[in-house]
Amino acid sequence: MKDKKIIVIGGGFAGINFAKYLGNKKGVQVTLVDKNNYNFFPPLLYQLATGMLDVSSISIPFRTLFNGKDNLHFRLGELKKVIPEARKIILSTGEMSYDYLVIATGTKSNYFGMENIEKNALPMKSVNDAIKLRNYLIMEGEKYSFCTDEDEKRKMRNIVISGAGPSGVEIAGMIAEMRNRKLENIYPELEEEALNIYLVDAAPTVLPPMSKKSQKYSKESLENLGINVKLNTMVADYKDDKVIFKNGEMIETKTLIWTAGVTAIKFDGIPDDYYEKGNRLVVDAFNKIVGSDSIFAIGDSCIQKTDPDWPEGHPQLGSVAQQQGKALAKNFTRMVKDRELEPFSYLDKGTMAIIGDKKAVADMTFPKTTLTGFFAWMAWLFVHLFLLVDYRNKWKTFWNWANTYIGKGNSQGIMVGENVYENLVMTTPMEMNENK
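Summarised in this report is the structure supplied together with it. (Residues numbered from 1 in each chain as written. Predicted model: local features only at pLDDT ≥ 70, side-chain atom pairs only at ≥ 80, totals over all residues. Heavy atoms only, no water.)

## Some remarks on the overall build of the chain
Then step 1. For the chain, the helix and strand inventory stands at 13 helices and 26 strands.
Then step 2. Here the chain holds 436 residues, and the buried ones make up 52% of them.
Then step 3. If you take every contact in the chain between residues at least 6 apart in sequence, the share linking residues at least 24 apart comes to 64%.
Then step 4. Approximately 20,400 Å² of the chain is accessible, and the part contributed by carbon and sulfur atoms is 52%. (Helix = DSSP H or I, 4+ residues; strand = E, 2+ residues; numbered from the N terminus. Buried < 20%, exposed > 50% of the residue type's maximum accessible area, 1.4 Å probe, protein only. Contact = heavy atoms within 4.5 Å. Areas by Shrake-Rupley, 256 points an atom, 1.4 Å probe, with all protein chains shown as cover.)

Put into structure tokens, the structure is as follows:
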């Protein structure tokens, strides 16, 4: 029997777990398509942005991962259009045909229609975003060292982070740790000046999905680090170096880091009525798109309401994406053998977030308890080290963590990119983009 051609779009948690499980499985030929040639680990992007880790610690080429698996292939490209009736896709790099298509493209930053924020804020969704943020923060430090305009310096000393979910909490804590422990050594010009960090969110709590104990501990820990936590505060605009809130308040700043929301991606050729809120594709219990006979969706790209424990759909978490990727891959092996498919059921292992050096929170499911402080921090380190895709990433990340947390090593302060130093005269992320 001829092998089934399966194309999976996106190499994040869902796509890579799907592909890896099918490695060297008989009856299927799998091609993973991604606009980057590497897989990366999103939970550690903020450590890349703040210089604790380098790119190779959290990423690895797909072709390296697929080495030795004859039925796994990689295609560089971006999905432009799906032609379901012909079982064909149009990529930025050509056309491909399929027997089955799997959408695993995850999410992108959601700016809620605010154009100024989309142009000027710094997102945290990709390796490029993290490198750009690192370059920008270092660049601001360098400009501060020779700036003579006190109004400009005051704006530079304010950093606003919008979004108090795990990403916002983690990057706020890391920047505060850098400020409190290392920044004055790197930039002695800041010794007599205060770097003000604001974490803002429209919600009434930090880490909304987590337990009240975790929320309370996290807020207190952030404030103890010297972070100004502003809740029930919605960002409405960002212009003229001012973050403007819906309640009329504002903060003057050169830096707005955006972690406030995500949305899935819509594709030409997939009907609008296949999508629900947040552009998530509606799927059945087997992750097949409702209304389609050959297209599936997994991870953050989809919403599945057939799981009895999650009638409103699963949370958009890496653990859901990993489990759906493996579950769908197992069902494809069952298809090849003409066996009955099994519906997806999510096993919630808990959620966690790191706040700073030896501070974290973890809502555990087995056993059902909440850890805070040092033990939660150790659990966070262990879990995230274990989840890294490749053993070389694990060892390199472990070494960097040991050097930083135990040896008190310095964060990397290198700006990476062509002609990046020419941007020293620029003042906004938008101008950085325009002058690349």
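## Looking at helix H9 (residues 212-224)
Then step 1. For H9, spanning 13 residues, the distance from its first C-alpha to its last is 18 Å, which sits close to the expected 18 Å at 1.5 Å a residue.
Then step 2. Every buried residue of H9 is listed here: Ser214, Gln215, Ser218, Ser221 and Leu222. Down the axis of H9, the sector holding all buried residues measures 140 degrees, keeping them to one side. Seen from the open side of H9, the exposed residues pointing more than 90 degrees away from its buried face are Lys212, Lys216 and Asn224.
Then step 3. Two residues or fewer past H9, Gly226 is found with a positive phi of approximately 90 degrees. (Expected span 1.5 Å × (residues − 1). Arc of directions from axis to C-beta.)

## Some details on helix H10 (residues 318-336)
Then step 1. Under the 1.5 Å per step criterion, the end-to-end length of H10 is 28 Å for 19 residues, consistent within 8% with the ideal 27 Å.
Then step 2. Of all the residues in H10, the buried ones are Val320, Ala321, Gln322, Gln323, Gln324, Gly325, Leu328, Ala329, Asn331, Phe332, Thr333 and Arg334.
Then step 3. Turning to H10, the residues buried within the fold contact strand S1 (4-9), helix H1 (13-21), strand S9 (100-103), strand S22 (295-297), strand S23 (302-304) and helix H11 (374-387).
Then step 4. Phi turns positive one or two residues past the end of H10, at Asp338, with a value near 55 degrees.

## Describing the sheet that holds strand S17 (residues 250-252)
As a general point, the strands of a sheet are linked pairwise by backbone hydrogen bonds and lie either parallel or antiparallel.
Then step 1. A sheet is described by the order of its strands in space; here 3 strands give the open sequence S15-S16-S17, paired in antiparallel fashion. The sheet is open, and its two borders are formed by strand S15 (235-239) and S17, each paired with just one other strand. On average, each strand axis in the sheet is tilted by 15 degrees relative to the strand beside it, whichever way the strands run. (Pairing = 2+ DSSP bridges. Axes fitted to C-alpha atoms, helices over the stretch in contact; angles between N-to-C directions.)

## Considerations on the sheet that holds strand S24 (residues 350-356)
Then step 1. Strand order in the open sheet formed by 3 strands is S24-S25-S26, with antiparallel pairing between adjacent strands. Lying at the two open borders of the sheet, with one neighbouring strand each, are S24 and strand S26 (369-372). Neighbour to neighbour, the strand axes of the sheet diverge by 5 degrees on average, direction disregarded.
Then step 2. By the bridge criterion, 4 bridges tie strand S25 (residues 359-364) to S26 in an arrangement that is antiparallel. In the strand pairing of S26, Ala362 is matched with Leu371.
Then step 3. The strands that H11 touches are S24, S25 and S26; relative to S24, the one it contacts most, it runs at about 110 degrees.

## Observations concerning the pairing of S1
Then step 1. The sheet contact formed by S1 and strand S2 (residues 28-34) spans 6 bridges and is parallel. The residue of S2 that forms the bridge with Lys5 is Gln29.
Then step 2. You can see the chain leave S1, run along H1 and come back into S2, and the turn it takes is right-handed.
Then step 3. Two strands pair when backbone bridges link them, and S1 and S9 are joined in this way by 4 bridges, in the parallel orientation. Looking at S9, one finds that Val8 is bridged to Val102. (Right-handed = clockwise from strand over helix to strand, strands pointing away.)

## Details of the packing of aromatic side chains
Then step 1. The full count for this structure, using the stated rule, is 12 aromatic pairs.
Then step 2. When the centroid spacing of 5.8 Å and the interplanar angle of 35 degrees are considered together, the rings of Phe374 and Trp377 count as tilted. Taken together, the residues Phe374 and Trp377, both in helix H11 and 3 residues apart, mark about one turn of the helix.
Then step 3. Assessed through its relative accessible area of 5%, Trp377 is described here as buried.
Then step 4. These aromatic residues form a ring-pair network of at least three members: Phe18, Tyr100, Phe296 and Phe332.
Then step 5. Its end group placed over the ring of Tyr144, Lys153 keeps NZ or CZ at 4.8 Å from the ring centre. (Phe/Tyr/Trp six-rings, centres within 6.5 Å; stacked < 30°, edge-to-face > 60°. Lys NZ or Arg CZ within 6 Å of the ring centre and 35° of its normal.)

## Brief notes about the packing of H1 against H10
Then step 1. As a packed pair, H1 and H10 sit with axes 7 Å apart at the nearest point and diverge in direction by 30 degrees. Relative to H10, H1 is oriented roughly parallel. You can see that H1 and H10 cross each other, and the crossing is right-handed. Residue-level inspection shows Phe13, Ala14, Asn17, Phe18 and Tyr21 of H1 in contact with H10, the latter providing Gly318, Ala321, Gln322, Gly325, Lys326, Leu328, Ala329, Lys330, Phe332 and Thr333.
Then step 2. Here the contact of H1 with H10 is composed, by residue class, of 8 nonpolar, 5 polar and 2 charged. (Parallel < 35°, antiparallel > 145°, perpendicular 65-115°, else oblique. Left-handed = near helix turned anticlockwise from the far one by under 90°. Nonpolar A, V, L, I, M, F, W, Y, C, P; charged D, E, K, R; others polar.)

## So, the environment of Ala321
Then step 1. One can find Ala321 in helix H10.
Then step 2. The contacts of Ala321, once residues within four sequence positions are left out, are Phe13, Ala14 and Gly299.

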